[in-house]
Amino acid sequence: MLATTAPDSPPSRALEVSIDPTVLAAQRGDDLAFAALYDQHVGRVFALCLRLSADSVLAAELVQDVFVRVWERIGSYRGESAFSTWLHRLAVNTVLDGARQGRRRRLRVAIAADFADVTLLDEPATRDAEPGVGLDLENAVARLPAGARAVFVLYDVEGFSHAEIAAMLGIAEGTSKAHLFRARRLLRGMLDR
Amino acid sequence: MTCADTDRHFDEWLAGTLSESDARALEAHAAGCDACGPRLDQASLPGTLPTEIAPPATLRHEVLAAIAQRRRPHRRTRWLISASGIAAVLAFALLQQPRQKHASDRDNGAAILYAMDRARAEFEKLDAAEAEVAVALRATPEDRSLLRSLEDLRRQRAQLQKLVREAAS
């Protein structure tokens with residue numbers, strides 16, 4: 001890690017901001033450094049996109065959107081948080097961006113429709129699994145309704161708080177909590193079959 | 001449902017043996033309860049999810065190609081940069097040429113004046129190009145291809161200023 005604060009800075013102004021040298025190189029336009037950042041983070045970004053979309057083709061498109069946006073905005077990263085935190089927040093915002101067209105937009109609509117349909121809280125709406133075929137957790141998550149899946153992934157996997165999720169998805173905190181419980185109940189139901 | 005009900009039914013809820021209606025009532029209570037919420041929240045699900053999943057192998061190339069495409073400067077800006085670059089070289093050649101040929105002082109003076117006129121025209125082109133890039137940057141402040149274009153233009157301006165200073169001395 002490279003300290004960007006001058007060693008002789010006054011203590012009151014010496015913010016201990018450090019930025020990884022690879023990130024600094026990418027900020028200067030180094031293609032190889034950016035490719036290294038891609039290699040370092042793509043696994044987690046792809047997992048996020050795949051779990052939120054439950055569609056591998058759409059997930060690949062979303063990953064591309066995420067890294068293009070990272071490339072466009074990497075200059076604004078100042079090291080206030082870990083680069084991975086900054087990148088994953090950007091990834092979540094990109095995936096949930098309602099302005100996208102085509103299938104990307106349909107994902108946003110599916111999540112919003114799931115939240116809007118209050119009856120779903122009482123009616124498990126998972127996609128049917130083949131009778132007698134056990135599901136692992138990954139497959140069970142993919143079968144959750146879009147809204148419940150989004151809350152589950154953001155809370156349980158990505159570690160965001162209900163307040164953060166509520167802000168990202170434009171819902172109340174209570175709705176986020178309710179959908180988390182709903183997701184867990186549905187998952188237990190699928191996994192116990 | 002109350003917090004006491006949560007205590008009483010928690011194990012059944014976790015085991016999935018609580019009736020559907022009671023489970024929903026317990027979850028509805030927990031969703032709004034600071035004590036019971038985290039308790040149900042932390043109840044583990046069978047299995048774990050990996051933090052990373054390997055993407056398709058072709059995706060890396062596609063992503064980096066998409067970024068390379070966006071890196072190209074806008075066509076108009078690229079033309080201006082190219083024109084300025086060529087003209088800067090021409091100006092340099094014009095400034096050097098009289099001295100290389102050992103021409104008369106009068107010829108040298110005329111050539112330098114001509115080169116100065118050309119340099120002035122180049123400064124105007126650079127002004128226009130910088131203004132165009134500045135406008136584009138206001139719309140997309142973090143567009144790195146535009147930032148690079150601006151750096152190129154400033155470098156060319158500095159180069160031209162150096163040539164003019166040398167010619168004047």
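Please read all numbers here as calculations on a predicted model, not as lab measurements.

Asks: Sorry, what's going on with helix H7 (residues 146-157) of chain A here?
Replies: Structurally, the α-helix is built with 3.6 residues per turn, so residues lying three or four positions apart point the same way. All names here are of chain A. Over its 12 residues, H7 extends 15 Å from the first C-alpha to the last, a length consistent with the 16 Å expected when each residue adds 1.5 Å. With 10 of 12 residues buried, H7 lies mostly within the body of the structure. Listed as buried for H7 are Ala 146, Gly 147, Ala 148, Arg 149, Ala 150, Val 151, Phe 152, Val 153, Leu 154 and Tyr 155. Taken from the residues just after H7, Gly 159 is the one with a positive phi, measuring 80°.

Asks: How should I be thinking about helix H4 (residues 83-95) of chain A in this particular structure?
Replies: Residues and elements named next belong to chain A. Under the 1.5 Å per step criterion, the end-to-end length of H4 is 18 Å for 13 residues, consistent within 8% with the ideal 18 Å. Taken residue by residue, H4 has Leu 87, Leu 90, Ala 91, Val 92, Thr 94 and Val 95 as its buried positions. In the core, the buried residues of H4 are packed alongside helix H2 (31-53), helix H3 (56-73), H7 and helix H8 (162-169).

Asks: What's the story with the interface of chain B and chain A in this structure? I'm lost.
Replies: Size of an interface, as often reported, equals the accessible area lost when the parts are brought together. Each partner contributes to the interface: chain B provides 33 residues, whereas chain A provides 34 residues. Breaking the side of chain B that touches chain A down by element, the ones donating at least two residues are helix H2 (20-31), helix H3 (36-41), helix H4 (59-71) and helix H7 (144-168) of chain B. Ranked by residue count, the leading element in the side of chain B that touches chain A is H4(B), at eight residues. By residue class, the composition of the side of chain B that touches chain A is 17 nonpolar, six polar and 10 charged.

Asks: In this structure, what is going on with unusual backbone geometry? I would like to understand it.
Replies: Trans peptide bonds make up the majority, and among non-glycine residues the majority have a negative phi. Although it is not a glycine, A:Ala54 adopts a positive phi angle of roughly 55°. Residue class for A:Ala54 comes out partly exposed when judged on the 19 C-beta atoms lying within 10 Å of it.

Asks: Is there a simple way to explain the nonpolar core in this structure?
Replies: Counting residues in each nonpolar core, the largest one holds 57 residues, and the members touching the most others are A:Leu48, A:Cys49, A:Val63, A:Val151 and A:Phe152. The element that contributes the greatest number of residues to this core is H2(A), accounting for 11 residues. When sequence neighbours within four positions are dropped, the list of residues in contact with A:Val63 reads A:Val42, A:Val45, A:Phe46, A:Cys49, B:Pro55, B:Leu59 and B:Val63. Core analysis: the next-biggest nonpolar cluster, separate from the first, contains five residues, B:Leu126, B:Val133, B:Leu146 and B:Leu153 among them.

Asks: Where do I start with the packing of H7(A) against H8(A) in this structure?
Replies: For any two helices packed against each other, one specifies the inter-axial angle together with the distance between the axes. Residue and element names in this part refer to chain A. At a minimum axis distance of 10 Å, the contact between H7 and H8 shows a crossing angle of 140°. Taken together, the axes of H7 and H8 lie oblique to each other. Between H7 and H8 lies a crossing whose hand is right-handed. Side by side, H7 and H8 meet where Ala 150, Val 151, Leu 154 and Tyr 155 of the first sit next to His 162, Ile 165 and Leu 169 of the second. Of the residues belonging to the contact of H7 with H8, the class tally is six nonpolar, one polar and no charged.

Here is what the cut-offs are and how they apply
- Residues numbered from 1 in each chain as written.
- Chains lettered and ligands numbered in written order.
- Predicted model: local features only at pLDDT ≥ 70, side-chain atom pairs only at ≥ 80, totals over all residues.
- Helix = DSSP H or I, 4+ residues; strand = E, 2+ residues; numbered from the N terminus.
- Expected span 1.5 Å × (residues − 1).
- Buried ≥ 20, exposed ≤ 12 C-beta atoms within 10 Å, placed from the backbone.
- Contact = placed C-beta atoms within 7 Å.
- Nonpolar A, V, L, I, M, F, W, Y, C, P; charged D, E, K, R; others polar.
- Core = buried A, V, L, I, M, F, W, Y, C linked by C-beta atoms within 7 Å.
- Axes fitted to C-alpha atoms, helices over the stretch in contact; angles between N-to-C directions.
- Parallel < 35°, antiparallel > 145°, perpendicular 65-115°, else oblique.
- Left-handed = near helix turned anticlockwise from the far one by under 90°.

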